[in-house]
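# Observations on the model geometry
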Amino acid sequence: KWEAEETEDELFRDATVKAVLVAESEGRLLSTASLQILPDTPDSARIRWVATESDWRRRGLAKALVTSLINLASEAKCKEVSLQTTTDLTGAIALYLQLGFKP
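Conventions used here
- Residues numbered from 1 in each chain as written.
- Predicted model: local features only at pLDDT ≥ 70, side-chain atom pairs only at ≥ 80, totals over all residues.
- Heavy atoms only, no water.
- Helix = DSSP H or I, 4+ residues; strand = E, 2+ residues; numbered from the N terminus.
- Expected span 1.5 Å × (residues − 1).
- Buried < 20%, exposed > 50% of the residue type's maximum accessible area, 1.4 Å probe, protein only.
- Arc of directions from axis to C-beta.
- Contact = heavy atoms within 4.5 Å.
- Pairing = 2+ DSSP bridges.
- Axes fitted to C-alpha atoms, helices over the stretch in contact; angles between N-to-C directions.
- Phe/Tyr/Trp six-rings, centres within 6.5 Å; stacked < 30°, edge-to-face > 60°.
- Lys NZ or Arg CZ within 6 Å of the ring centre and 35° of its normal.

With 15 residues, helix α2 (residues 61–75) ought to run about 21 Å at 1.5 Å a step, and its terminal C-alpha atoms sit 21 Å apart, in line with that. Within the span of α2, buried status applies to A62, L65, V66, L69 and A73. Looking straight down α2, one finds its buried side chains confined to an arc of 95 degrees; they lie on one side. In the segment just after α2, K77 is the residue with positive phi, at about 70 degrees.

Here R46 lies in strand β3 (residues 44–52). Looking at R46, the relative accessible area reads 33%, which means it is partly exposed. In the structure, R46 is positioned 29 residues away from V17 in sequence and 9.2 Å away in space, judged by C-alpha atoms. Not counting chain neighbours up to four residues away, the residues in contact with R46 comprise S34, L35, Q36, L38 and S82.

Attention shifts here to the pairing of strand β2 (residues 28–37). Extensive coverage of β2 is indicated by the burial of 8 of its 10 residues. With 8 bridges connecting them, strand β1 (residues 17–25) and β2 associate as antiparallel partners. Within β2, the position partnered with A19 by the bridge is L35. Here β1 folds back onto β2 in antiparallel fashion, the turn holding 2 residues, of which E26 has a positive phi close to 50 degrees. Two strands pair when backbone bridges link them, and β2 and β3 are joined in this way by 6 bridges, in the antiparallel orientation. Note on β3: the bridge partner recorded for S31 is T52.

We now examine the sheet that holds β3. An order of β1-β2-β3-β4 is seen for the 4 strands of this open sheet, with the pairing classed as mixed. Both outer strands of the open sheet, β1 and β4 (80–83), are each paired with one neighbouring strand and no more. Put simply, the sheet's adjacent strands are angled 20 degrees from each other on average, direction ignored. Of the strand pairs in this sheet, β3 and β4 are connected by 4 bridges, and their pairing is parallel. Across the sheet, residue A45 finds its bridge partner in β4, namely V81.

Let us now look at the environment of S74. Here S74 shows up in helix α2. Taking the C-alpha atoms as reference points, S74 and D43, 31 residues apart in sequence, are found 9.4 Å from one another.

This brings us to the packing of aromatic side chains. For the structure shown, the criterion picks out 1 aromatic pair. In this structure, R59 is placed above the aromatic ring of W56, and the distance from its NZ or CZ to the ring centre is 4.2 Å.

In short, the description is geometric, and any link to function would need to be established separately.
Given below as structure tokens:
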């Protein structure tokens, strides 16, 4: 479960987070993902905080956001993009594999 203050700190007060993308409809947050570039590895990016409202899953929102972040990382001259997930998120894992990520 996300706590508002922790989420705000992780996404908007961390200077290494270079982009936060959202999909929304009528003011309702449907999906989000962020891009982090660490100072000690500026040619590597990490995609974080990928989430989609349960009623809106399997509609391509996360795919569109993650694809956009991969493109932003490429524009930032990153040679590698990684992400981390848990093994119980099989739908997300299928998406990440489809997008070219490797376990």
